[in-house]
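Fold and geometry: a report
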Amino acid sequence: MQKVLVSRCLLGHRVRYDGGAHGPFDLLARWLAQGRVVPLCPEVAGGLPTPRAPAEIPGGQGMAVLERVKPVVTVDGEDVSQAFLLGADAAVKLVRHHDIRLAVLKARSPSCGYRENYDGSFSGRKVAGEGVTAAALKRMGVLVFSEEELDAAAVCLAGLEAGG
């Protein structure tokens, strides 16, 4: 059975920066009941508390953080890059341990977003980009989806299990 890495906030865990959660999502609840979900909040795994100050990547590019070119900074100007890198490393280790090929991550998160992200100005402006963990997973070849693409993730998972 294929395992799926899932952002803990999408499972209703109160780990978002503001202490909130998302969901429930019926598909994720089914996958959880089947035992295929491997939950992770990269930011908490990296040592950040809940709640915590909002953080963004200037330019919105998680790969630039992985390459140590850009930082992740809080709205207060604190560099929290190391925690985000530790969280991405935790995700990579889980992917390797469970042979995970698919992830469902929180859209527009500085850790988990993968199609678009906030631009680092804390103005709500979005840019094409990804979070630090999403970039690390994509670099490994993991197929990344957001909670906005659960139908596509389900189709992809069925294809992986069928040997595709």
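Coordinates for the structure precede this section.
Worth saying up front: this structure is predicted, and the values here are computed from it rather than measured.

Next up on the list: the layout of surface pockets. Counted as a void, the largest pocket has a volume near 540 Å³. Contributing to the lining of the largest pocket are 31 residues, with Arg16, Tyr17, Glu43, Ser109 and Pro110 lying nearest its centre. Here the residues of the lining of the largest pocket sort into 18 nonpolar, five polar and eight charged. Considering only enclosed or pocket space, the second largest pocket measures out at about 160 Å³ in volume. As for the second largest pocket, its lining consists of Leu66, Arg68, Leu85, Ala88, Asp89, Val92, Arg96, Ala136, Arg139 and Met140. When residues of the lining of the second largest pocket are traced back to their parent elements, those giving at least two are helix H4 (81-98) and helix H5 (132-140). Residue contributions to the lining of the second largest pocket peak at five residues, all from H4. Of the residues assigned to the lining of the second largest pocket, the class counts are six nonpolar, no polar and four charged.

That bond from Thr50 to Pro51 is cis: its omega, -5°, falls within 30 degrees of zero. Note on placement: Pro51 falls in the loop between helix H2 (42-45) and strand S3 (55-56). Despite not being glycine, Arg68 has its phi angle at roughly 65°, a positive value. By secondary structure assignment, the location of Arg68 is in the loop between helix H3 (62-66) and strand S4 (73-74). The class of Arg68 is exposed, set by a relative accessible area of 59%. In this structure, Phe122 takes a positive phi of about 60° despite not being glycine.

Attention now moves to helix H1 (residues 26-34). The set of residues buried in H1 consists of Leu27, Leu28 and Trp31. Down the axis of H1, the sector holding all buried residues measures 95°, keeping them to one side. Relative to its buried face, H1 has exposed residues pointing more than 90 degrees away, namely Asp26 and Ala33. Residues of H1 that are buried in the fold lie against strand S1 (4-7), strand S2 (37-40), strand S5 (102-105) and helix H6 (150-161).

Because side chains alternate across S1, one face comprises the buried residues Val4 and Val6, and the other comprises Leu5 and Ser7, equally buried. One ladder, built from four bridges, connects S1 with S2; its direction is parallel. Along S2, the bridge assignment pairs Ser7 with Leu40. Running through H1, the crossover from S1 to the neighbouring parallel element S2 is right-handed. By the bridge criterion, three bridges tie S1 to S5 in an arrangement that is parallel. Each residue of the ladder has a partner; that of Leu5, found in S5, is Ala103.

The rules we used
- Residues numbered from 1 in each chain as written.
- Predicted model: local features only at pLDDT ≥ 70, side-chain atom pairs only at ≥ 80, totals over all residues.
- Heavy atoms only, no water.
- 1 Å grid on protein atoms, 1.4 Å probe; cavity = no way out; pocket = protein on both sides within 12 Å on 5 of 7 lines; lining within 4 Å.
- Points joined across faces, edges and corners; volume = space filled by probe spheres on them.
- Nonpolar A, V, L, I, M, F, W, Y, C, P; charged D, E, K, R; others polar.
- Helix = DSSP H or I, 4+ residues; strand = E, 2+ residues; numbered from the N terminus.
- Buried < 20%, exposed > 50% of the residue type's maximum accessible area, 1.4 Å probe, protein only.
- Arc of directions from axis to C-beta.
- Contact = heavy atoms within 4.5 Å.
- Pairing = 2+ DSSP bridges.
- Right-handed = clockwise from strand over helix to strand, strands pointing away.

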